[in-house]
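Inside the fold
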Amino acid sequence: MAEFAGVDRVRFDTEIQPVGEPVILRGLVSDWPLVQAGRQGSTDLADHLKAVAPDCPVRTFRQPNAAGTRFFYKPDFSGFTFDVETPPLSELLDGLLAGALQDSALGDAVFAGGVPVRDALAPIARDNPMPLLDPAVERLTSLWIGNRTRTAPHWDLPQNLACAISGRRRFLLFPIEQLANLYIGPLDLTLAGQPVSLVDPREPDLDRFPRFPEAMRHARVAELEPGDALYMPSMQVHYVETLDPFGVMMNFWWRDGPEHLATPFMTLLHGLLTLRGMPARERQAWRLIFDRYLFQDDEDPMDHLPATARGLFGDPTPENLARIRAILGRSLGR
């Protein structure tokens, strides 16, 4: 995987982001106060975080030692191998520090994932700014705090800059084109919001998932040290391991495109109502229509019509967007 050092916003905008490939950005956030505190020791970093909002509740996943370090489904998909808690930030950090001192293989696997850095925790983002992003652009900033844990391969809709603050992180990345070889689990019964691969990359069951080696042929590995960052474009499938007994990461998520864009997962669900079970010949005809009006980038399919005749397929004005929502609402409400 490509690695860069000394990247500024101009170079990121012109040389890295447009390529649409994941890259490692060595030392990008090494001067952050959080990273500097972590270099003094886990206790210093925990104290730094607790000083901001010790009583802030954080959504935390806890898994008993017997279930291992990979957060996953029960064998019959009747539930998950972990429980969800909401301890105060100070309690979470104290518990992780106590476990890290022992680095015991007998403790629970614990991580707080996607903790929003806003409201009470907003000073964390303010004091540790992302140098590659325009501060005026809205984005989601979140913390990931835990011990030796593993997250199943999944994709995210936004672009992502994942910054290692403390502890090493190993990422295994797959292009979305390998979806069929990753054996994705339920789309609407998910561990934490996103569909995941059923394959354990550390111990793949090749009798059950025989195409996974083909996915691995296209995989890339990124290992981050504190101060490093990983840029992941939208829809990059990734598996993450925390390699040390105490780890903290901060992510910056954002989407390019107009503000009205909702998640295309809604389109997928709508397609279940309108396309699933349709005769194959009709379905292929609609695929051509979708390709023409939604996915074709080399020309405007409405270019031969005057603007006044393009209707809902014209410019996404507030009036057109409102009409589209109204039509869909009436259709789905039947």
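Okay, so let's go over this structure. Every chain's residues receive numbers from 1 upward, in the order its sequence appears when written. Totals for whole chains, interfaces and linings use all residues, but because this is a predicted model, local features are given only for residues with pLDDT of at least 70 and pairs of side-chain atoms are given and counted only at 80 or more. Each side-chain value is derived from all of the structure's non-hydrogen atoms; neither hydrogens nor water enter the calculation.

1. Quick notes on the packing of aromatic side chains
- The pairing test for Phe, Tyr and Trp rings, Trp by its six-membered ring, is centres within 6.5 Å, and the orientation test on the planes gives stacked under 30 degrees, edge-to-face over 60, and tilted for anything in between. Tallied over the entire structure, the rule returns 19 aromatic pairs.
- Summarising the aromatic geometry, the rings of F72 and Y73 are spaced 5.4 Å apart at their centres and angled 75 degrees between planes, so their arrangement reads as edge-to-face.
- Following the ring pairs from residue to residue traces out a cluster consisting of F61, F71, F72, Y73, F77, F80, F82, F111, W144 and W253.

2. Looking at the packing of helix α2 (residues 33-40) against helix α3 (residues 42-50)
- Across the interface, α2 lies against α3 with an axial gap of 5 Å and an inter-helix angle of 145 degrees. Facing α2, whose interface residues are P33, L34, A37, G38 and Q40, α3 presents S42, D44, L45, H48 and L49.
- Residue classes follow a fixed rule: Ala, Val, Leu, Ile, Met, Phe, Trp, Tyr, Cys and Pro count as nonpolar, while Asp, Glu, Lys and Arg count as charged, and any other residue, Gly among them, counts as polar. In terms of residue class, the contact of α2 with α3 is built from 5 nonpolar, 4 polar and 1 charged. Note on method: axes are straight lines fitted to C-alpha atoms, helices fitted across the in-contact stretch only, with angles between N-to-C directions ranging 0 to 180 degrees. Comment: elements are numbered from the N terminus, with helices defined as DSSP H or I runs of at least four residues and strands as E runs of at least two. Contact definition: two residues touch when any of their heavy atoms are within 4.5 Å.

3. Quick look at unusual backbone geometry
- Even without glycine at this site, Y183 takes up a positive phi of about 55 degrees.
- Along the chain, the position of Y183 falls in the loop between β9 (169-174) and α6 (212-217).
- Only protein chains enter the accessibility calculation, which uses a 1.4 Å probe; a residue whose area is less than 20% of its type maximum is buried, one above 50% is exposed, and one in between is partly exposed. The buried category is assigned to Y183, whose relative accessible area is 16%.
- Even without being glycine, M235 reaches a positive phi, approximately 70 degrees.
- Structurally, M235 is set in the loop between β11 (229-232) and β12 (237-242).

4. Let's talk about the sheet that holds strand β8 (residues 159-166)
- Strand order in the open sheet formed by 9 strands is β1-β2-β11-β8-β13-β6-β5-β3-β4, and the pairing between neighbours is mixed. Each end of this open sheet is capped by a strand with a single partner; those strands are β1 (3-5) and β4 (83-85). Taken over all neighbouring pairs, the strand axes of this sheet differ in orientation by 20 degrees on average, direction set aside.
- Bridge count between strand β5 (residues 109-116) and strand β6 (residues 140-146): 4 bridges; the pairing is antiparallel. Considered in β6, the bridge of A112 is made with I145. Here the rule is simple: two strands pair whenever DSSP picks up at least two bridges between them.

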